[in-house]
Amino acid sequence: MAENEQNFIPVENVVSFLSNTLPFNRLSPDELHRLAKKCVIDFFPKGTMIFNQGLTTVNFLYLIQKGGVKSYLKNEQGELTLNDYRGEGEYFGALPIIQETKANLNVETVEDSFCFLIGKKDFQALLAQNAEVSQYFLRTMSAKLVKGVYAELRQHKIAPRTDGALYLFSAPVEEIAKGKLYTAPTNATVKDVAQIMSENFIGSLLLKDETDTIVGIITDKDLRTKVVAKGLDFATLASEIMASPVQTISSQAMAFDALLKMMKEKVHHLAIEKNGQILKMITTHDIMVEQGTSPLYLFREIVAQRRIEDLYPLAQKVPFVIRTLIEEGAKANNITRMITVLNDHILDRLLSLMVKEMGEPPLPFCWLSMGSEGRREQTFKTDQDNAILYQDSENPKVMALAEDYFKAFARTAIDHLVQCGYPLCPGEIMATNPKWRQPLSTWEHYFKRWCGVPEPQEILHSTIFFDFRPGFGNSSLAERLRQLLTGIAQQEDIFLLHLARNCLSSKPPLSFFKNFIVEKNGEHKNTFDLKRKAMVFFVDFARLMALKHGVNETNTLDRLRILSEGQYLPQGMYAEIIEAYEFLMQLRLVHQLQMLEDGKQPDNYINPGDLSDLERQTLKEAFAVINRLQDSIRMTFQIRE
Amino acid sequence: MQITHLFQKITRPLRPPAHPLIIHNNNLFPPGAKYPQLLSEQEFVVLDTELTGFNRKQDEIVAIGAVRIKNLQILCGETFYALIRPDERFHTKSTLVHRLTPQELRCASPMADVLPRFLHFCGDAFLVGHYVRLDLDFINRATKKLLGGVLQTPYFDTMCLAMAHKNYKNDHASDIINRHDAYTLTALSAEFGLPSFMEHNALQDSMQTAYLFLYLIKKMSQQGLQTMQEYLVAGRNRSMIWWPY
């Protein structure tokens with residue numbers, strides 16, 4: 001056929017776009033083709049409000065072909081919080097369609113944008129027909145947005161609430177359903193049923209007929225609404241109030257399939273079926289517990305361990321939490337904090353178990369975490385940076401005992417930490433190094449020397465120590481050291497000047513013509529070191545300003561926040577810094593995650609060619625922030641280069 | 001040569017009676033009609049043709065591509081594409097441009113079959129094209145010969161709209177008049193940062209034009225244009241265009 005009235009060559013463009021876009025790349029060519037034919041293309045000039053939170057009825061799923069949007073939330077006070085930027089190949093509008101609600105966010109184009117629109121009905125049909133697609137959308141959905149029947153579920157959440165609290169939907173239902181199977185005959189009375197349920201602390205009971213076939217279910221709610229509220233006799237037969245048939249789910253289904261089915265059927269219980277047999281029940285509660293599988297689950301497990309060796313596999317699990325967190329849309333800052341908290345728990349558990357084994361130390365001590373650990377900015381495996389600080393004693397015998405004890409303690413601890421997957425510090429900044437295993441008086445002396453002696457080299461090597469925080473043991477020792485440091489650093493202008501100069505040493509890799517400067521050859525050709533060329537600056541800058549203004553915090557974002565609250569940073573500058581630094585953190589985290597999943601050792605080398613236009617633009621803006629801050633440092637410290 | 005020319009003139013068939021599609025079209029769009037409706041309420045068909053050359057007397061259409069716009073959105077599932085067997089010029093210089101081989105064209109349907117289908121596809125929609133008067137000249141020559149009349153459909157020229165848009169933005173500092181390639185579909189698409197399609201395929205080009213059209217009308221609506229009439233005026237006032245081929 002040389003001609004064909006319904007020849008879909010332009011749709012091929014849509015097809016090729018879809019086939020390069022998650023999760024549509026999973027569709028068969030046929031499915032892709034059908035979907036492509038249903039797409040419409042729309043154009044939204046920069047600054048168009050596509051969604052108005054709570055107002056817009058969402059009729060389409062939007063896939064960005066070209067351009068970009070930002071999404072933000074407005075709270076009751078009318079304050080705006082930026083949620084996300086989405087660029088080419090990304091989508092928006094899925095959640096309101098799945099939940100059948102109005103737009104959950106404001107979405108506004110930040111560039112002239114062309115979008116492919118998939119109609120609500122077509123998208124819903126796709127979700128219903130294609131398990132891979134529906135799984136993808138459910139997984140990527142942030143749990144805090146899941147509404148309706150699951151509001152209840154969220155109230156049950158005992159977890160320490162962090163923004164990144166997340167849910168993992170990848171375990172088979174069979175694994176996560178905790179309870180045994182309880183049944184009663186259909187001719188049991190309502191009273192019998194209630195009794196069995198309360199004796200076994202269960203919220204639902206299955207009913208069997210004479211042939212041992214499960215025919216119905218009674219839940220707490222049935223007892224409340226169908227019996228008590230209606231004033232039925234407690235001798236009423238179970239078969240009269242049971243719901244029948246029982247909603248089932250295959251034992252092979254994933255937890256999120258179960259959740260989806262529960263949401264759709266508006267039930268809280270599903271019977272797990274395998275080869276026609278009901279195995280047990282899965283409830284919303286089971287899923288809730290499972291949702292903790294990421295950080296929450298790890299917390300509980302870590303704290304519950306009684307043997308040091310059992311901590312090893314748990315510690316190895318920590319980096320995997322990152323993936324889930326990223327998928328759930330958590331910000332890098334929350335992720336690094338979460339990782340730090342988990343690592344802190346492991347350290348705490350490990351050292352407490354060691355103290356139990358070795359007996360109490362001769363003198364109170366504090367295990368210091370330093371570097372990124374000290375700043376609570378850990379991502380994937382970061383090198384160990386630690387030290388021991390202990391109390392002074394007048395008694396030389398006690399001091400000698402302490403020295404021996406901490407020497408052995410440090411050696412064992414470092415060994416265990418290596419087993420947990422924390423690599424040794426190549427610079428030997430570890431408690432096993434006698435230099436960094438000292439009484440308070442020696443540490444005080446160290447810091448006085450670093451701050452007082454205008455020897456730039458030494459200062460630079462010691463910046464890592466300025467970010468110490470207590471990791472285990474007697475934290476008041478660390479606090480005393482911190483007080484001392486805060487006191488002296490502010491006085492030492494020359495020391496601060498050296499730190500300031502140090503801040504100026506990293507130049508953002510942007511040419512005069514605003515192009516990225518990348519390595520010309522070698523192993524890291526066409527990339528630049530995001531950490532060394534950009535992120536380090538923010539860390540150094542926050543440290544410098546914190547020391548100058550007597551801020552005790554070690555975390556970079558906390559330092560900046562306190563500085564801004566204390567009016568040491570202008571509000572506009574603060575906002576820019578935070579935005580830039582958070583973006584860099586996120587970029588690095590995603591990059592490292594990708595490397596890890598490709599089986600490579602995570603590094604910090606970013607190829608600008610791999611980034612979307614929007615990411616590149618944002619990166620350039622972040623670099624521009626560095627340039628402006630460096631200018632302001634030059635002014636403040638009167639540095640001429 | 002002159003004799004054959006003369007011979008052709010004599011033997012040229014008489015104009016056939018007007019086809020129902022043409023009558024419908026002419027009734028729908030009477031001369032001098034005004035169009036106060038909003039642009040968003042109007043359906044459009046964006047079209048592009050491939051020609052054997054630019055001689056309006058001798059050259060012919062060898063391909064028509066078109067896409068539909070409704071609610072100011074491009075409908076990916078409603079496209080039209082047809083190759084057309086020319087009466088004589090199978091191989092011309094243009095073959096190198098549109099890459100339709102003489103072989104392909106010999107297998108294609110004749111214009112007499114394609115044209116009614118195309119007019120049917122166009123329906124009551126307004127027409128849009130890039131320098132669309134050229135396409136329409138060729139199409140109307142065919143309708144006159146085969147369907148006994150010409151289309152009266154109002155049309156938008158994306159080239160004129162682009163000029164109006166840029167003029168409004170006062171944006172031709174780098175003086176486009178001197179740059180003879182500044183108003184081609186490709187150049188404008190690049191300038192406005194539109195996704196780009198394969199060039200010189202009637203359907204791809206019509207898709208590209210549809211993107212350009214959406215871009216322009218939405219940008220111009222930010223400049224305050226609303227009704228069809230306003231856009232028609234904006235597009236027409238700059239009809240003294242210099243043809244960029």
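Residues numbered from 1 in each chain as written. Chains lettered and ligands numbered in written order. Predicted model: local features only at pLDDT ≥ 70, side-chain atom pairs only at ≥ 80, totals over all residues.

1. Observations regarding the overall build of chain B
When helices and strands are counted, chain B shows 10 helices and six strands. Across the 245 residues of chain B, 41% fall into the buried class. Across chain B, the fraction of contacts at a sequence separation of at least 24, relative to all contacts at a separation of at least 6, is 71%. (Helix = DSSP H or I, 4+ residues; strand = E, 2+ residues; numbered from the N terminus. Buried ≥ 20, exposed ≤ 12 C-beta atoms within 10 Å, placed from the backbone. Contact = placed C-beta atoms within 7 Å.)

2. Description of the overall build of chain A
A count of helical and extended segments in chain A gives 25 helices and 20 strands. Buried residues in chain A amount to 41% of all 641 residues. Across chain A, every contact between residues at least 6 apart in sequence was considered, and the portion connecting residues at least 24 apart equals 70%.

3. Describing the interface of chain B and chain A
On the chain A side, the residues contacting the 28 residues of chain B number 25 residues. Those elements that provide at least two residues to the side of chain B that touches chain A are strand 3 (73-85), helix 4 (102-107) and helix 9 (202-222) of chain B. Sorting elements by how many residues they give to the side of chain B that touches chain A places strand 3 of chain B first, with 10 residues. Here the side of chain B that touches chain A is composed, by residue class, of 17 nonpolar, seven polar and four charged. As defined by bridge partners, strand 1 (residues 40-44) of chain A adjoins strand 3 of chain B across two bridges and the pair is classed as antiparallel. Residue pairing for strand 3 of chain B: Val40 of chain A is matched across the bridge by Leu75 of chain B. (Nonpolar A, V, L, I, M, F, W, Y, C, P; charged D, E, K, R; others polar. Pairing = 2+ DSSP bridges.)

4. A closer look at the environment of Lys507 of chain A
Residues and elements named next belong to chain A. Looking at where Lys507 falls in the secondary structure, it is placed in the loop between helix 21 (493-505) and strand 19 (528-529). Among the residues examined, Lys507 registers 14 C-beta atoms within 10 Å and is labelled partly exposed. Expressed as a C-alpha distance, the spacing of Lys507 and Phe623, which sit 116 residues apart in the sequence, is 8.8 Å.

5. A short note on helix 5 (residues 111-122) of chain B
Residues that lie three or four places apart on an α-helix share one face, since the helix turns once every 3.6 residues. All names here are of chain B. Here helix 5 contains 12 residues, and its C-alpha end-to-end distance of 16 Å stays within 8% of the 16 Å for a straight helix at 1.5 Å per residue. Along helix 5, the residues that are buried comprise Met111, Val114, Leu115, Phe118, Leu119 and Cys122. Buried residues in helix 5, looked at end-on, bunch into an arc of 130 degrees, giving them a common side. (Expected span 1.5 Å × (residues − 1). Arc of directions from axis to C-beta.)

6. A few points about the pairing of strand 7 (residues 106-109) of chain A
Residues and elements named next belong to chain A. Here strand 2 (residues 49-51) runs beside strand 7; their pairing, made up of two bridges, is antiparallel. When the bridges of strand 7 are listed, Met49 appears paired with Glu108. Relative to strand 7, strand 4 (residues 69-74) runs antiparallel, the two sharing four bridges. When the sheet's bridge partners are listed, Tyr72 is paired in strand 7 with Asn106.

7. Section: the sheet that holds strand 9 (residues 183-185) of chain A
All names here are of chain A. Strand order in the open sheet formed by three strands is 9-10-11, with mixed pairing between adjacent strands. Whereas interior strands pair on both sides, the edge strands pair on one side only; in this sheet they are strand 9 and strand 11 (214-219). The average undirected angle you get between the axes of adjacent strands in this sheet is 35 degrees. Here five bridges tie strand 10 (residues 204-208) to strand 11, and the two strands are oriented antiparallel to one another. For Ser204, the partnering residue across the bridge sits in strand 11 and is Thr219. (Axes fitted to C-alpha atoms, helices over the stretch in contact; angles between N-to-C directions.)

8. Side note on the packing of helix 21 of chain A against helix 22 (residues 530-548) of chain A
Residue and element names in this part refer to chain A. At a closest axis distance of 9 Å, the pairing of helix 21 and helix 22 adopts a crossing angle of 160 degrees. Of the possible angle classes, the one that applies to helix 21 and helix 22 is roughly antiparallel. Considering only the axes of helix 21 and helix 22, their crossing is left-handed. Residues Leu496, Leu499, Ala500, Asn502 and Cys503 of helix 21 lie in contact with helix 22, whose contacting residues are Phe537, Asp540, Phe541, Leu544, Leu547 and Lys548. Of the residues that constitute the contact of helix 21 with helix 22, the class distribution is eight nonpolar, one polar and two charged. (Parallel < 35°, antiparallel > 145°, perpendicular 65-115°, else oblique. Left-handed = near helix turned anticlockwise from the far one by under 90°.)

9. Overview of the confidence of the model for chain A
Residues and elements named next belong to chain A. On average, chain A scores 81 in pLDDT, and the residues at 70 or more come to 85%. Taken as a whole, residues 1-8 scores under 50 in pLDDT and shows 15 contacts with residues more than four places along the chain or in a different chain. A low-confidence stretch, residues 142-169 (pLDDT under 50), is modelled with 48 contacts involving residues beyond four sequence positions or located in other chains. (pLDDT = per-residue confidence, 0-100.)

10. Quick notes on the packing of helix 15 (residues 332-358) of chain A against helix 24 (residues 571-597) of chain A
All names here are of chain A. Where helix 15 meets helix 24, the closest approach of the two axes is 8 Å, and the angle between their N-to-C directions is 65 degrees. Together, Ala332, Asn333, Ile335 and Thr336 of helix 15 and Glu582, Met585, Gln586 and Leu589 of helix 24 make up the contact between the two elements. Here the residues of the contact of helix 15 with helix 24 are counted per class, giving four nonpolar, three polar and one charged.

11. Observations concerning the sheet that holds strand 17 (residues 437-439) of chain A
Residues and elements named next belong to chain A. Taken together, four strands build an open sheet; the order of strands is 17-16-15-18 and the sheet is mixed. At either margin of the open sheet sits one strand with a lone partner, and together these are strand 17 and strand 18 (469-473). Here the strands of the sheet are splayed against their neighbours by 30 degrees on average, with no regard to which way each runs. When strand 16 (residues 386-390) meets strand 17, the two strands line up parallel, connected through three bridges. Following the sheet pairing, Leu389 is matched in strand 17 by Gln438. Of the strands in this sheet, strand 15 (365-369), strand 16 and strand 17 are in contact with helix 17 (residues 396-419), which crosses strand 16 at around 155 degrees.

12. Here we look at the nonpolar core
Of all hydrophobic cores here, the largest spans 109 residues; its most connected members are Cys39 and Tyr62 of chain A together with Val46, Ile64, Ile84 and Val128 of chain B. When residues no more than four places from it in sequence are discounted, the contact partners of Ile64 of chain B are Leu47, Thr49, Phe80, Ala82, Ile84, Val114, Phe118 and Ala202 of chain B. Grouped together as the second largest cluster of nonpolar side chains are 99 residues, Met338, Ala500, Leu557 and Ile562 of chain A included. (Core = buried A, V, L, I, M, F, W, Y, C linked by C-beta atoms within 7 Å.)

13. Some remarks on helix 2 (residues 29-38) of chain A
Among the residues making up helix 2 of chain A, those that are buried are Leu32, Leu35 and Ala36 of chain A. Relative to the axis of helix 2 of chain A, the buried residues are bounded by an arc of 100 degrees and lie together on one face.

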